[in-house]
Amino acid sequence: MKIATRREIAGNEYELAFYDGFDGLELDGDKWLPYYLPQWSSRARARAHYQLTGQSLILTIDPEQQPWCPEFNGQIRVSSLQTGLHAGPLGSAHGQHRFNPACVVRETQPSLRLYTPHHGYIEFRARCRISPNHVAALWMIGLEEVPEHSAEICLFELKGQNVKSDSAIIGYGLHPFADPTLTDEFFEEAFALDVSDYHNYGVEWCQDRLCFYIDGKPVRTLDQSPDYPMQLMLNLYDLHNRNTTPAHFEIDYLAGFKIINKIK
């Protein structure tokens with residue numbers, strides 16, 4: 001799907017800096033790393049399962065797929081793409097998004113910055129067909145080259161148990177983790193959406209605020225903001241390792257814009 005290369009968001013002018021319309025039959029390795037936090041597990045375990053239709057990307061959880069990190073994350077299975085990676089040396093506890101205090105680097109990884117914006121407008125268009133044990137999400141995290149640069153901007157989180165035919169509870173907001181300059185503001189709200197149809201989800205990430213959008217309409221503004229580069233994390237989880245209803249998280253496009261004229 002083609003989109004405009006210029007956007008006006010809340011009076012500010014933006015220019016397209018990152019775009020993937022998933023119109024090929026191979027994943028673009030200059031944009032995406034198809035492994036989920038592989039430093040805490042391995043690339044073999046953390047490899048994403050997905051399909052490219054020529055018009056979209058579909059993240060899947062396949063029947064033969066194994067838990068990605070059973071020692072530290074139980075039976076959770078995940079298919080994920082990310083746009084950056086940072087981790088310390090083998091055996092160290094240093095690395096981004098150390099979700100369990102027992103985690104150590106189990107496989108060395110090269111540092112990558114494929115797309116790591118520092119402010120801007122991020123938007124994607126997606127639809128979901130997931131069962132209650134699945135979670136679909138798009139979030140952003142700091143690379144943690146400085147350990148305090150660890151916050152998460154959650155643009156979209158959908159738990160399958162919160163989906164109805166004509167509405168869904170969408171999660172969004174900010175988690176500071178080890179960033180002492182921020183406070184936790186995360187929300188789960190019901191919206192009159194059929195998430196099996198395509199909808200647009202976005203966040204305007206400004207120097208002093210975060211503004212969340214659904215289908216171009218403002219949802220909420222937070223008066224705080226991480227002030228360092230962050231990478232994108234596009235995920236589909238199976239929380240209980242159940243081979244029940246197939247899960248499909250289909251993304252039509254994902255775009256990132258940089259500000260070119262700050263008005264507000």
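One can find the structure itself at the top, above this paragraph.
These remarks concern the structure in this document. Model, not experiment: these values are computed from the prediction.

1. A word on the overall build of the protein chain
Link 1 in the chain: Looking only at helices and strands, the protein chain features two helices and 17 strands.
Link 2 in the chain: A compact globule built from 264 residues would reach a C-alpha radius of gyration of about 18 Å, and the protein chain, at 18 Å, matches this within 12%.
Link 3 in the chain: Projecting the C-alpha coordinates of the protein chain onto the three principal axes gives extents of approximately 50 × 40 × 35 Å.
Link 4 in the chain: Buried positions account for 55% of the 264 residues belonging to the protein chain.
Link 5 in the chain: Pairs at least 24 residues apart make up 69% of the contacts formed inside the protein chain by residues separated by at least 6 positions.
Link 6 in the chain: Of the side-chain charges in the protein chain, 23 are positive and 34 negative, and the distance between the mean point of each set is 2 Å.

2. As for the nonpolar core
Link 1 in the chain: Grouped together as the largest cluster of nonpolar side chains are 48 residues, with contacts concentrated most on Trp32, Phe124, Ile153, Phe156, Leu234 and Phe249.
Link 2 in the chain: The next biggest cluster of nonpolar side chains, apart from the first, holds 22 residues, and it includes Tyr36, Ile76, Ala87 and Tyr237.

3. Overview of empty space enclosed by the protein
Link 1 in the chain: Inspection of every chain in the model, using the stated rule, returns one cavity of 30 Å³ or more.
Link 2 in the chain: In this structure, the largest cavity spans a volume of roughly 50 Å³.
Link 3 in the chain: Surrounding the largest cavity, Leu155, Ile170, Tyr172, Tyr201, Gly202, Phe212, Tyr213, Ile214 and Val219 form its lining.
Link 4 in the chain: Secondary structure elements with two or more residues in the lining of the largest cavity: β11 (168-175), β13 (199-205) and β14 (210-214).
Link 5 in the chain: The element that contributes the greatest number of residues to the lining of the largest cavity is β14, accounting for three residues.
Link 6 in the chain: Split into classes, the residues belonging to the lining of the largest cavity amount to eight nonpolar, one polar and no charged.

4. A short note on the layout of surface pockets
In this approach a probe as big as a water molecule rolls over the atoms, and the regions it shows empty are the leftover space.
Link 1 in the chain: Considering only enclosed or pocket space, the largest pocket measures out at about 470 Å³ in volume.
Link 2 in the chain: His97, Phe99, Trp139, Glu152 and Phe177 are, among the 22 residues lining the largest pocket, the residues nearest its centre.
Link 3 in the chain: Listing elements by their share of the lining of the largest pocket, those giving two or more residues are β9 (134-142) and β10 (152-163).
Link 4 in the chain: Its residues assigned to classes, the lining of the largest pocket shows 13 nonpolar, five polar and four charged.

5. Considerations on the pattern of salt bridges
Note on pairing: side chains with opposite charge can pair once their charged atoms come close.
Link 1 in the chain: For the structure shown, the criterion picks out eleven salt bridges.
Link 2 in the chain: Across the pair Asp238 and Arg77 runs a salt bridge, and its minimum N-O distance is 2.7 Å. Residue Asp238 is found in strand β16 (residues 230-238), and its partner Arg77 is found in strand β5 (residues 77-82); the two are separated by 161 residues along the sequence. We note that Asp238, like Arg77, is buried.

6. Considerations on the sheet that holds β10
Link 1 in the chain: Read across the open sheet, the six strands follow the order β5-β16-β9-β10-β11-β12; overall the sheet is antiparallel. At either margin of the open sheet sits one strand with a lone partner, and together these are β5 and β12 (185-191). Sheet twist, expressed as the average angle between the axes of neighbouring strands with direction ignored, equals 20 degrees.
Link 2 in the chain: Two strands pair when backbone bridges link them, and β9 and β10 are joined in this way by seven bridges, in the antiparallel orientation. Residue pairing across strands places Ala137 opposite Glu157, the latter belonging to β10.

7. Thoughts on the state of the cysteines
Here a disulfide denotes a covalent bond joining the sulfur atom of one cysteine to the sulfur atom of another.
Link 1 in the chain: Overall, the coordinates contain zero disulfides when judged by the stated rule.
Link 2 in the chain: The structure places no disulfide on Cys69, whose sulfur is separated from the nearest cysteine sulfur, that of Cys103, by 5.5 Å.
Link 3 in the chain: A residue is classified by how much of its surface remains accessible, and Cys103, at 0% relative accessible area, is buried.

8. Some remarks on the environment of Pro246
Link 1 in the chain: Relative to the helices and strands, Pro246 is located in the loop between β16 and β17 (248-261).
Link 2 in the chain: Along the primary structure Pro246 and Lys164 are separated by 82 residues, whereas in three dimensions their C-alpha atoms are 17 Å apart.

9. Structural notes on the pairing of strand β1 (residues 6-9)
Link 1 in the chain: In this sheet, strand β2 (residues 12-20) lies alongside β1 in antiparallel orientation, the contact comprising four bridges. Looking across to β2, one finds that Ile9 is bridged to Asn12.
Link 2 in the chain: Between β1 and the antiparallel strand that follows it, β2, lie two residues; Ala10 among them carries a positive phi value of about 50 degrees.

Reading guide: rules and limits
Residues numbered from 1 in each chain as written. Predicted model: local features only at pLDDT ≥ 70, side-chain atom pairs only at ≥ 80, totals over all residues. Heavy atoms only, no water. Helix = DSSP H or I, 4+ residues; strand = E, 2+ residues; numbered from the N terminus. Rg over C-alpha atoms; globule rule 2.2 N^0.38 Å. Buried < 20%, exposed > 50% of the residue type's maximum accessible area, 1.4 Å probe, protein only. Contact = heavy atoms within 4.5 Å. Lys, Arg positive; Asp, Glu negative; His and termini not counted. Charge placed at Lys NZ, Arg CZ, Asp CG, Glu CD. Core = buried A, V, L, I, M, F, W, Y, C linked by side-chain atoms within 4.5 Å. 1 Å grid on protein atoms, 1.4 Å probe; cavity = no way out; pocket = protein on both sides within 12 Å on 5 of 7 lines; lining within 4 Å. Points joined across faces, edges and corners; volume = space filled by probe spheres on them. Nonpolar A, V, L, I, M, F, W, Y, C, P; charged D, E, K, R; others polar. Salt bridge = Lys/Arg side-chain N within 4 Å of Asp/Glu carboxyl O. Pairing = 2+ DSSP bridges. Axes fitted to C-alpha atoms, helices over the stretch in contact; angles between N-to-C directions. Disulfide = S-S within 2.5 Å.

Just distances and angles here, no functional claims.
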